[in-house]
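Structure at a glance
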Amino acid sequence: MTPESAAATLPGRGGGGTAGPALQIEGLSKQFDGNYALHPLDWEVKRGEVHALCGQNGSGKSTMIKCLAGYYRPDSGRVSLFGRELDLPVRNPAEHGIAVIHQDLGLAPEMTVLENIGVATGYGTRGFGWVRDRQEAKACREIAERLGIELPLNTLVADLSPAQRALVGLVRAVRALGDGHEGHLFILDEPTASLSHSEAAQVTSMMRSVADLGSSVIFVSHRLSEVLDDCDSVTVLRDGKRVLTRSTAGLTRSDLVADILGRRLTDYYPDPPERSGTTPAQLVLENVSGGVVKDLSVTVEKGEIVGFTGLAGMGHEELPLVLAGKLPRTGGTVTVDGTAVEPNRPRAAIAAGLALVPGNRHRDGVWLDASAAENVTLPSLGSFTRFGVATNWRKERSTAVDLVEESGAVPAQPHWPIRQFSGGNQQKIVLSKWLHLDPTVLLLDEPTQGVDAGASRQLLDRVADLAADGASVLVFSGDHEQLAAICHRVLVLHHGEVVAELPRSELSEEALLEACEQNVEVVA
Ligand SMILES: Nc1ncnc2c1ncn2[C@@H]1O[C@H](COP(=O)(O)OP(=O)(O)OP(=O)(O)O)[C@@H](O)[C@H]1O
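Rules of the game
- Residues numbered from 1 in each chain as written.
- Predicted model: local features only at pLDDT ≥ 70, side-chain atom pairs only at ≥ 80, totals over all residues.
- Heavy atoms only, no water.
- Phe/Tyr/Trp six-rings, centres within 6.5 Å; stacked < 30°, edge-to-face > 60°.
- Helix = DSSP H or I, 4+ residues; strand = E, 2+ residues; numbered from the N terminus.
- Buried < 20%, exposed > 50% of the residue type's maximum accessible area, 1.4 Å probe, protein only.
- Contact = heavy atoms within 4.5 Å.
- Axes fitted to C-alpha atoms, helices over the stretch in contact; angles between N-to-C directions.
- Parallel < 35°, antiparallel > 145°, perpendicular 65-115°, else oblique.
- Left-handed = near helix turned anticlockwise from the far one by under 90°.
- Nonpolar A, V, L, I, M, F, W, Y, C, P; charged D, E, K, R; others polar.
- Near = heavy atom within 4 Å.
- Polar contact = N/O pair within 3.5 Å; in protein donor to acceptor, adjacent residues only side chain to side chain.
- Areas by Shrake-Rupley, 256 points an atom, 1.4 Å probe, with all protein chains shown as cover.
- Pairing = 2+ DSSP bridges.

1. Digging into the packing of aromatic side chains
- Within this structure, the stated rule accounts for four aromatic pairs.
- Relative to Y72, the ring of Y71 lies with its centre 5.3 Å away and its plane at 65 degrees, an arrangement referred to as edge-to-face.
- Taken together, a centroid distance of 5.0 Å and an interplanar angle of 20 degrees make the contact between F308 and F476 stacked. Pair noted here: F308 is in strand β13 (residues 305-309) and F476 is in strand β20 (residues 472-476), with a separation of 168 residues, a long-range link. Per residue, the accessibility class of F308 equals that of F476, and both read buried.

2. Examining the side chain of H488
- Within the secondary structure, H488 sits in the loop between α16 (480-486) and β21 (489-494).
- Judged by relative accessible area, H488 falls into the buried class, the value being 11%.
- Those residues within four positions of H488 in sequence are excluded, and the remaining contacts are P272, P273, R275, G303, E304, I305, P503, R504 and L507.

3. Overview of the packing of helix α5 (residues 162-177) against helix α6 (residues 197-212)
- Closest axis-to-axis distance for the α5/α6 pair is 8 Å, and the angle between their directions is 20 degrees. Judged on the interaxial angle alone, α6 and α5 are roughly parallel. Considering how the two elements wind past one another, α5 and α6 form a crossing that is right-handed. Facing P162, A163, A166, L167, L170 and V171 of α5, the residues of α6 in contact are E199, Q202, V203, M206, M207 and V210.
- Residue classes in the contact of α5 with α6 are distributed as 10 nonpolar, one polar and one charged.

4. Considering the site of the ligand
- Residues in close proximity to the ligand total 17 residues, the closest being G58, K61, S62, T63 and Q420.
- Here an oxygen atom of the ligand and a side-chain polar atom of H222 are 3.1 Å apart.
- Contacts to the ligand include S422, whose side-chain N or O atom sits 2.9 Å from an oxygen atom.
- Notes on the ligand: free accessible area 640 Å², of which the protein chains cover 85%.
- If you list the elements that add at least two residues to the shell around the ligand, you get α2 (61-68) and α14 (423-435).
- Per element, the largest residue contribution to the shell around the ligand is three residues, and it comes from α2.
- Along the lines of polarity and charge, the residues of the shell around the ligand split into four nonpolar, 12 polar and one charged.

5. Some points on the pairing of strand β3 (residues 50-55)
- Among the six residues of β3, six are classified as buried, and the element is accordingly described as predominantly covered.
- The side-chain alternation of β3 yields two buried faces, one formed by V50, A52 and C54 and the other by H51, L53 and G55.
- Inspection of the sheet shows β3 paired to strand β8 (residues 216-220) by four bridges, in the parallel sense. Within β8, the position partnered with A52 by the bridge is F219.
- Bridge analysis of β3 against strand β9 (residues 233-238) gives five bridges, and the strand direction is parallel. Opposite L53, over in β9, you have T235 as the bridge partner.

6. Re unusual backbone geometry
- In this chain, L88 is followed by P89 through a cis amide linkage whose omega measures 0 degrees.
- In this structure, P411 follows V410 across a cis peptide bond, with omega equal to -5 degrees.
- Notably, N344 is not glycine yet its phi reads approximately 60 degrees, a positive angle.
- Tracing the backbone through its elements, the reader meets N344 in the loop between β15 (339-340) and α10 (346-351).
- By relative accessible area, N344 is classed as partly exposed at 38%.

7. Quick notes on the sheet that holds strand β19 (residues 441-445)
- Judged by pairing direction, the sheet is mixed, and its six strands sit side by side in the order β16-β19-β20-β13-β21-β22 without closing on themselves. Pairing within the sheet leaves two strands with one partner each, and these edge strands are β16 (354-357) and β22 (497-503). Taken pair by pair, the neighbouring strands of this sheet meet at an average axis angle of 20 degrees, ignoring direction.
- Note: β21 against β22, six bridges, orientation antiparallel.

Keep in mind these numbers describe shape, not what the thing actually does.
Put into structure tokens, the structure is as follows:
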């Protein structure tokens, strides 16, 4: 079916009328191995609204989305979209007007924006080459205009900012569903998780435009400011049950957190450990270059927590990879406790006491097919083997079980394949695996991306404890609120150079945002 014909037959665009909810779910449930990931639940999403879906890691959000996207067959329940009941499992959701946009977007970086959008409509597979190109470009421009955005159609996706890529993902979904927007359901699964707050604003404003044009949007996010500021309604899942659906008007952040966690959380972040005076230098970077990073010189003391931030592409994303030997270091020296770290060799960095908790846990952080236990002992396998042969598997097993328990991952099932854990619980396991090495320097790349407020606090407590015990901690992140709360100081990078340094006394979310965007303070 072509997008045009799909659009013509979309439910709700005439067929379902304009009354009633966009999405109506009754008694939907899903179990895995006899455990409910979703207890039988009812839920409604109104027409033309942006509706946030929140919950702790493991509360059932992804399971719900996967049931709506046809990835899972629910065990029970009925689903109606714009007044029409869908057969379950949902087959070919696009034909019913459902588009799911995942965090990784699935765009091909070596193709242009136009080609990426065109793939969704199959234009490249049909004849009349340039004629179809022109038609496709025209259709894309019309969608962009309606949504109030500009799309550089002939630019390679690789050259776009992360926020622009998210917009392309959304436009592609709109195009795939058909030219109109009425009667569609867009499900956005943490589209802003890896974006800075200013970039995320572009995505949330486009979400609003989509809803204003008559579609409904389900927005999954752990970022509560976006939920409260940019969504009309919110639903909270806890332990697979729907515990709240209400308008966001008048809802406070602390009440929302209490609904999500089932308890009050008074403090979201731990303070960094007290420091009296200076402590010995532990990590020294001298004129370090690599990727966009240029001639960076920084000294981090024992027990210090130092943040690095900047706008997308300014260097704070690449620096941890350069320091960990995963991206080429093209110049400069890195020393840990006076010993030089060989460049471009991840093993040398680990041996020198540097541990990187990567930002993209699916690509760099976990071995999805292995169990949680296997994952957690991976970097320390050397201590259980001799010449590559396991010598102490009993100890390895018991250590692994202890580490998974210590990580706070729920459920504490060391032998489950890690892919069965929710995203946030995978992140807890990744952190445990590196903390087990007792690193001298911990490099944290977006440490709590996709992690709920309660689990985030647990992770950050562990990090603060490590610093209190004398480790140097470097946090690379676009989350200014978090950096301002947990760091002793924060450096702002612009085109790979430090352009501002904010000490603890001057740290605030606003000050960091201003330094990133306006480059106001220039370090002498
Ligand atoms: N394929 C699976 N097999 C077994 N259990 C699963 C599977 N997928 C999810 N689960 C379990 O179902 C529960 C709900 O997981 P789900 O991924 O839906 O949570 P989530 O709310 O999306 O979490 P997160 O915010 O961390 O992504 C969890 O306990 C999880 O371990």
